[in-house]
Amino acid sequence: MATIKDVAKLAGVSVATVSRVINKNGYVNDGTKVKVDEAIRKLQYEPNAMARGLATRKTETIALILPDISNPFFPELARAVEDVARTYGYTVILCNSDSEANKEKEYIHILKQRYIDGILFSSHSLKAEDVELMNKENIPFVVLDRAPVQVDCPVVRSKNFEGAQIAVQHLLDVGCSKIAHIYGPQEIATARERLMGYEDSVKHFDWFTPSLLVEGDFSIEGGKRAVELLMSRHPDVDGIFAGNDLMALGVMKKLHQMGIRVPDQIALCGFDGIHLTTITEPEMTTIAQPIYDIGMLATRLLIKKIEGTSENNRVHEFDVRLIPRGSTERK
Ligand code: RIB
């Protein structure tokens, strides 16, 4: 395999000159550049990406830190990130933090030493101070989906509060008269905002009582456990808004096992719009986030930051939309 020295020898220039041509830094006259390019072509020389990264401080690599890759919402997000990154010539390194603050910190520490050009982050534990530190260290950074309330970096996410209100209104529209909410972990902003949206929509109804709120953990099993508890408290509930699709899937399964019919006895609505919601019977009504668009915009913003053409740090919030399906279709 040809080395940079072979290229320099064939082109009749120094190794430093070849390096300047490859890394496009420093002046090289056009004639020398042509000679070097020809030598590279003849020898089929492939510059070592690592070495180039050391020279240019750029590796065309970005990291995507996600909290839970076993939840299909996040692979769907990652798909968009990878697609967009590739079109700009970037490679994506995927890090799964298992929603553990320590793992997230470890990843950031490791990534800083690996010449990553920037980081896309979806985290429940990220604090404004962490972002401040990353900014001080000049690490381009974009937060997507899960974000602390105020951070000094671009944030891309959905309108969670409004989405919850749309879900409740839909359940009311199909005739539900006692609607419960199974909410996600309250340290996560998206889960908190959906809970607030639900509360805001139901607080004035006589039937509302705080025991209609049951905690889940954004997982299928969490949804199953929560609905069991809910039915023991309120056997007369006739509508459930689950804070994400995975919990809604768990709720549907458990209700089926309990012999309770969806949608006739209980109408059920999830949140996210993951593909899995189309394969249940009945299909699941959901509040769909534009998952692909979130990943796409976040990646574009990060690349702009890396390339120094970014706009101000601000929060980009996408609209969500109701997809009415069989789980809320009452005859
Ligand atoms: O399903 C995972 C949930 O966590 C999604 O609703 C997403 O918005 C995130 O915060």
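Residues numbered from 1 in each chain as written. Predicted model: local features only at pLDDT ≥ 70, side-chain atom pairs only at ≥ 80, totals over all residues. Heavy atoms only, no water.

This part is about the sheet that holds strand E3 (residues 118–121). With respect to topology, six strands assemble into an open sheet ordered E2-E1-E3-E4-E5-E11, the strand pairing being parallel. Every interior strand has two partners, whereas the edge strands, strand E2 (91–96) and strand E11 (315–318), have only one. Averaged over all adjacent pairs, the angle separating strand axes in this sheet is 20 degrees, with direction ignored. Taken together, the four bridges between strand E5 (residues 155–158) and E11 define a ladder with parallel strand orientation. By the bridge assignment for E11, arginine 157 is matched with glutamate 317. Running over the sheet, helix H12 (residues 291–306) touches strand E1 (61–66), E3, strand E4 (141–144), E5 and E11 and is turned about 170 degrees from E4. (Pairing = 2+ DSSP bridges. Helix = DSSP H or I, 4+ residues; strand = E, 2+ residues; numbered from the N terminus. Axes fitted to C-alpha atoms, helices over the stretch in contact; angles between N-to-C directions. Contact = heavy atoms within 4.5 Å.)

Among the secondary structure elements, arginine 146 is positioned in the loop between E4 and E5. Separated by 12 residues in sequence, arginine 146 and serine 158 place their C-alpha atoms 9.5 Å apart.

Topologically, lysine 254 is positioned in helix H11 (residues 245–257). Classification of lysine 254 by relative accessible area gives buried; the value is 15%. Once residues within four sequence positions are removed from consideration, lysine 254 is found in contact with Lys224, Val227 and Glu228. (Buried < 20%, exposed > 50% of the residue type's maximum accessible area, 1.4 Å probe, protein only.)

Turning our attention to the layout of surface pockets. There is about 280 Å³ of room inside the largest pocket. Lining the largest pocket are 13 residues, with Tyr115, Ile116, Asp117, Asn138 and Ile139 positioned closest to its centre. Class assignment for the residues of the lining of the largest pocket results in seven nonpolar, one polar and five charged. (1 Å grid on protein atoms, 1.4 Å probe; cavity = no way out; pocket = protein on both sides within 12 Å on 5 of 7 lines; lining within 4 Å. Points joined across faces, edges and corners; volume = space filled by probe spheres on them. Nonpolar A, V, L, I, M, F, W, Y, C, P; charged D, E, K, R; others polar.)

The full set of residues close to the ligand is Asn71, Phe73, Phe74, Asp145, Arg146, Thr190, Arg194, Phe218, Asn244, Asp272 and Gln289. In this structure, asparagine 71 approaches the ligand through a side-chain N or O atom, which is 2.7 Å from an oxygen atom. At a threshold of 2 Å from the grid points, most atoms of the ligand map onto the largest cavity. Those elements giving two or more residues to the shell around the ligand turn out to be helix H5 (73–87) and helix H9 (189–202). Looking at side-chain class alone, the shell around the ligand contains three nonpolar, four polar and four charged residues. Residues lining the shell around the ligand come from more than one domain, with at least three contributed by each of domain 2 (61–158 + 291–318) and domain 3 (160–290 + 322–328). (Near = heavy atom within 4 Å. Polar contact = N/O pair within 3.5 Å; in protein donor to acceptor, adjacent residues only side chain to side chain. Sits in = over half its atoms within 2 Å of the grid points. Domains from an automatic or database assignment.)

Moving on, we come to the domain arrangement of the chain. Domain annotation for the chain reports domain 1 (4–56), domain 2 (61–158 + 291–318) and domain 3 (160–290 + 322–328). Using C-alpha coordinates to define each centre, domain 1 is positioned 60 Å away from domain 3.

What follows deals with empty space enclosed by the protein. One pass over the structure, following the stated rule, counts one cavity of 30 Å³ or more. In terms of lining residues, the largest cavity is bounded by Asn71, Phe73, Phe74, Asp145, Arg146, Thr190, Arg194, Phe218, Asn244, Asp272 and Gln289. Breaking the lining of the largest cavity down by element, the ones donating at least two residues are H5 and H9. Among the residues forming the lining of the largest cavity, the class breakdown is three nonpolar, four polar and four charged.

Further remarks concern the pattern of salt bridges. Overall, the coordinates contain 14 salt bridges when judged by the stated rule. Residue aspartate 145 is joined to arginine 146 by a salt bridge in which the shortest nitrogen-to-oxygen separation is 4.0 Å. On the basis of relative accessibility, which here comes to 3%, the residue aspartate 145 falls in the buried class. The partner of glutamate 193 in a salt bridge is arginine 157, with the nearest N and O atoms 3.1 Å apart. One end of the pair, glutamate 193, is in helix H9; the other, arginine 157, is in strand E5, with 36 residues separating them in the sequence. For the residue pair glutamate 193 and arginine 157, the accessibility class agrees, reading buried in each case. Each of Arg157, Glu193 and Glu317 takes part in a single network of salt bridges with overlapping partners. (Salt bridge = Lys/Arg side-chain N within 4 Å of Asp/Glu carboxyl O.)

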